[in-house]
Amino acid sequence: MTPAGMQGQDAYRISRVIGNNFVCITDADGHEVILRGLGIGFKKQPGDLVPAQKIEKIYDLRDPEKSSRLMELLGDVPAEFLDVSTEIIEAAEKAIGRRLSENIYITLTDHICFAVERLRTGVDYPNQLLWEITNFYPSEFAVGNQALDIIEQRLGYRLSQDEAGFIALHIVNAEIDGKMSDMVRITELIRRITATVQEYYGVSLDEQSLDYGRFITHLKFLGQRITQNKYSREEDAEFQGMIVRRFRHDYQCAEHIRDDLQQAFGIHLPPEEMTFLTIHLHRLALTMGITEKEE
């Protein structure tokens, strides 16, 4: 990634020195961009040039507030923590096949720093959602485990499986570009919904099936829409009526979910969300062999 309007340059002019390995430049659009490279800030001053070939990573955070927060964080934590989180983020993006919200550079770096500090001081912080994270977000949890290896190799500290779960939550949160507190609530919503589904159909869900994975993904983004109060708006009454008629048994499960969320959290699922939830429930039930193809 090259800063806007600066492609093909041989060198970048420093606007601010953050540390020995981090400097800030201003691109052609007036945005501050952070550059990382071994020793690029050592004994440098604003106005000095950094050769392009020495740049290892460009943090082009387009949100000025996030860029400022990242620079502030770099002033408080050792630079190697950002290096480690960058390696983890790049591994996550490769594993899940999508770009993550740039805010994760701040939140994950900060989290890893505090996790290491807790380990050094003997403070244990158990992850109460570890089972849910492991089962609902297996790809992200696999990256979380990979992150433990990266942290140990780069920083010399072996964090616990609880931390693999926390890192996985940060990754999931960056997928939907939400708040970490929302991600905890979303995970609890998914737990409640899957429990309702298993009770309604009288089976244990096959966590290895493709449709289960699709169902959890749907619930993850449904949870995002719930927390942000931004629901789907596919106002097609004819289509909704067809789904209710054809998949009546699955729609009744969706009604159980709707009523439970209403009673427990005051959440009201609109008809559009009920339609999509029913379709995913039907696919899931077909995979489990517990519903007919068409009713």
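Here, every reference points to the structure presented above.
Residues numbered from 1 in each chain as written. Predicted model: local features only at pLDDT ≥ 70, side-chain atom pairs only at ≥ 80, totals over all residues. Heavy atoms only, no water.

(A) A look at the overall build of the chain. Within the chain, the secondary structure is distributed over 11 helices and 5 strands. By its C-alpha atoms, the chain is 75 × 45 × 30 Å across when sized along the principal axes. Look at the contacts in the chain between residues 6 or more apart in sequence, and 66% of them connect residues 24 or more apart. Entry remark: accessible area of the chain is about 14,800 Å², with carbon and sulfur atoms responsible for 46%. Considering the chain, the positive charge centre built from 32 side chains and the negative charge centre built from 47 side chains are found 3 Å apart. (Helix = DSSP H or I, 4+ residues; strand = E, 2+ residues; numbered from the N terminus. Contact = heavy atoms within 4.5 Å. Areas by Shrake-Rupley, 256 points an atom, 1.4 Å probe, with all protein chains shown as cover. Lys, Arg positive; Asp, Glu negative; His and termini not counted. Charge placed at Lys NZ, Arg CZ, Asp CG, Glu CD.)

(B) Seen up close, the sheet that holds strand 3 (residues 32-36). The sheet built from 5 strands is open, its strands ordered 4-1-2-3-5 with antiparallel pairing. Looking at strand neighbours, the two that pair on one side only are strand 4 (49-51) and strand 5 (57-59), the edges of this open sheet. Across this sheet, the average inter-strand angle for adjacent strands is 45 degrees, counted without regard to direction. Helix 2 (residues 79-96) contacts strand 2 (22-26), strand 3 and strand 5 of the sheet and is inclined by roughly 90 degrees relative to strand 5. (Pairing = 2+ DSSP bridges. Axes fitted to C-alpha atoms, helices over the stretch in contact; angles between N-to-C directions.)

(C) Layout of the packing of aromatic side chains. Scanning all chains against the criterion turns up 6 aromatic pairs. Aromatic pair Phe 22 and Tyr 59: ring centres 6.4 Å apart, planes at 40 degrees, arrangement tilted. Here Phe 22 is found in strand 2, whereas its partner Tyr 59 is found in strand 5, with 37 residues between them in sequence. The burial state of Phe 22 is the same as that of Tyr 59; both residues are buried. Aromatic pair Phe 136 and Tyr 137: ring centres 6.4 Å apart, planes at 75 degrees, arrangement edge-to-face. With respect to class, Phe 136 is no different from Tyr 137; both count as buried. The positively charged end of Lys 57 is found above the aromatic ring belonging to Tyr 59, 5.8 Å away from the centroid. (Phe/Tyr/Trp six-rings, centres within 6.5 Å; stacked < 30°, edge-to-face > 60°. Buried < 20%, exposed > 50% of the residue type's maximum accessible area, 1.4 Å probe, protein only. Lys NZ or Arg CZ within 6 Å of the ring centre and 35° of its normal.)

(D) Up close: the side chain of Glu 140. Counting through the fold element by element, Glu 140 comes out in helix 5 (residues 138-155). With a relative accessible area of 6%, Glu 140 lands in the buried category.

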